[in-house]
Amino acid sequence: MVKKPAGAAFALGRRIRSRRQMMSMTLQELCNACGVSVSYLSQVERDNAVPTLGTLAEIAAALDVSIDFFIASPRQADSVTRAGSRHRFSVAGHSVLYETIGAEFPGHELTSFVLNVPPGYHSETVQHFGEEIIFVLEGTFLQIVDGQEVLLQAGDSMHYLGQHPHSYSNPGDQMARVLWTGKMLHGATPSDYAPRKAAGALPASAPQTVPEKAPEDATVTPAR
């Protein structure tokens, strides 16, 4: 174990804990996966100890990221997206088009997308850990939380906890554009962006972008 130098400001432990929580892993599960003790990993996450590069590599592998995810310093340019060049994608079998807004620099906790929701689209009802904020940019958007329907127009917004059952639809006759921002406590791939019925699934309105294994019943289709 490498002791933390006096006065050193490490974000490593917080980044490891955040990533572990996003993947819904307990301390014990991570320890089992990377071969370190619970007491040691707990010290690492509290920034009371700094792992060697070898141990950090084992932790990173168990969390399905590279070492750079924890130690790289993000550049300001990495957090910029341009209106005409954002990454756009859709999920096979679903007509919602997503535009990537948030950056995936080390230690990030927020995720954000612009949703382009066609007229007549209805999502399934889901619930999950975390929270969400939606802001309607264009069109009409119907958000349902705990059975309560809220009709939102351009300029309207809504903030709610993900554990409340929620769904959405576009009751209008034109494309709705909605800015979605959320903080999740578990990870998923773009393949999980489609609404799912199971408890603990991702929000109907938008997903998270932490890379994990894609489900067998969904594939990502890049937007043309």
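The structure displayed is predicted, hence computed values, not measured ones. (Residues numbered from 1 in each chain as written. Predicted model: local features only at pLDDT ≥ 70, side-chain atom pairs only at ≥ 80, totals over all residues. Heavy atoms only, no water.)

### A closer look at the sheet that holds strand 10 (residues 166-169)
Okay, so step 1: Overall, antiparallel pairing links the 3 strands, which are arranged 8-7-10 in an open sheet. With partners counted over all chains shown, the strands left at the sheet margins are strand 8 (148-153) and strand 10, one partner each. Direction aside, neighbouring strands of the sheet carry axes that sit 20° apart on average.
Okay, so step 2: The sheet contact formed by strand 7 (residues 140-145) and strand 8 spans 6 bridges and is antiparallel. Paired with Gln143 across the bridge in strand 8 is Val150. (Pairing = 2+ DSSP bridges. Helix = DSSP H or I, 4+ residues; strand = E, 2+ residues; numbered from the N terminus. Axes fitted to C-alpha atoms, helices over the stretch in contact; angles between N-to-C directions.)

### Things to note about helix 4 (residues 53-62)
Okay, so step 1: Looking only at helix 4, the buried set comprises Thr55, Leu56, Ile59, Ala60 and Ala62. Down the axis, helix 4 shows its buried residues gathered within 160° of arc, on one side only. Pointing more than 90 degrees away from the buried face of helix 4 are the exposed residues Leu53 and Ala61.
Okay, so step 2: After helix 4 finishes, the residue Asp64 shows a positive phi value of roughly 60°. (Buried < 20%, exposed > 50% of the residue type's maximum accessible area, 1.4 Å probe, protein only. Arc of directions from axis to C-beta.)

### Some details on the state of the cysteines
Okay, so step 1: Under the counting rule described, the total for this entry stands at 0 disulfides.
Okay, so step 2: No disulfide involves Cys31; its nearest neighbouring cysteine sulfur is the one of Cys34, lying 5.6 Å away.
Okay, so step 3: Overall, Cys31 belongs to the buried group, its relative accessible area being 3%. (Disulfide = S-S within 2.5 Å.)

### A word on the confidence of the model for the protein
Okay, so step 1: For the protein, mean pLDDT is 74; residues scoring 70 or higher make up 68% of the total.
Okay, so step 2: Within the model, the stretch residues 1-10 combines pLDDT values under 50 with 14 contacts to residues more than four positions away or in other chains.
Okay, so step 3: Low confidence marks residues 186-224, where pLDDT is under 50. Its contacts with residues over four positions away, or in another chain, come to 122 contacts. (pLDDT = per-residue confidence, 0-100. Contact = heavy atoms within 4.5 Å.)

### Focus: the packing of aromatic side chains
Okay, so step 1: Evaluated as defined, the whole model comprises 4 aromatic pairs.
Okay, so step 2: An angle of 75° between the planes, with centres 6.1 Å apart, marks the rings of Tyr98 and Phe113 as edge-to-face. A residue pair is termed long-range when its members are at least 10 positions apart, and Tyr98 in strand 4 (residues 97-100) and Phe113 in strand 5 (residues 110-117) qualify at 15 residues.
Okay, so step 3: When its relative accessible area of 2% is taken as the criterion, Tyr98 is described as buried.
Okay, so step 4: In this structure Phe113 comes out as buried when scored by relative accessible area, which is 0%. (Phe/Tyr/Trp six-rings, centres within 6.5 Å; stacked < 30°, edge-to-face > 60°.)

### Section: the environment of Glu45
Okay, so step 1: Inspection of the secondary structure assignment puts Glu45 in helix 3 (residues 38-45).
Okay, so step 2: The spatial distance from the C-alpha of Glu45 to the C-alpha of Arg17 is 5.7 Å, given a sequence separation of 28 residues.
Okay, so step 3: Beyond its immediate stretch of four places on either side in the chain, Glu45 contacts Gly13, Arg14, Ile16, Arg17, Arg20, Leu27 and Leu30.

### Remarks on the packing of helix 2 (residues 27-34) against helix 3
Okay, so step 1: Contact pair helix 2 / helix 3: the axes reach a minimum separation of 9 Å and the direction vectors enclose 110°. Taken as axis vectors, helix 2 and helix 3 run roughly perpendicular relative to one another. For the pair formed by helix 2 and helix 3, the contact residues are Leu27, Gln28, Leu30 and Cys31 on the first element and Val38, Leu41, Ser42 and Glu45 on the second.
Okay, so step 2: Broken down by class, the residue content of the contact of helix 2 with helix 3 amounts to 5 nonpolar, 2 polar and 1 charged. (Parallel < 35°, antiparallel > 145°, perpendicular 65-115°, else oblique. Nonpolar A, V, L, I, M, F, W, Y, C, P; charged D, E, K, R; others polar.)

### Here we look at the environment of Pro119
Okay, so step 1: Among the structural elements, Pro119 can be located in the loop between strand 5 and strand 6 (131-138).
Okay, so step 2: As for Pro119 and Phe141, which are separated by 22 residues in sequence, their C-alpha atoms are 9.6 Å apart.

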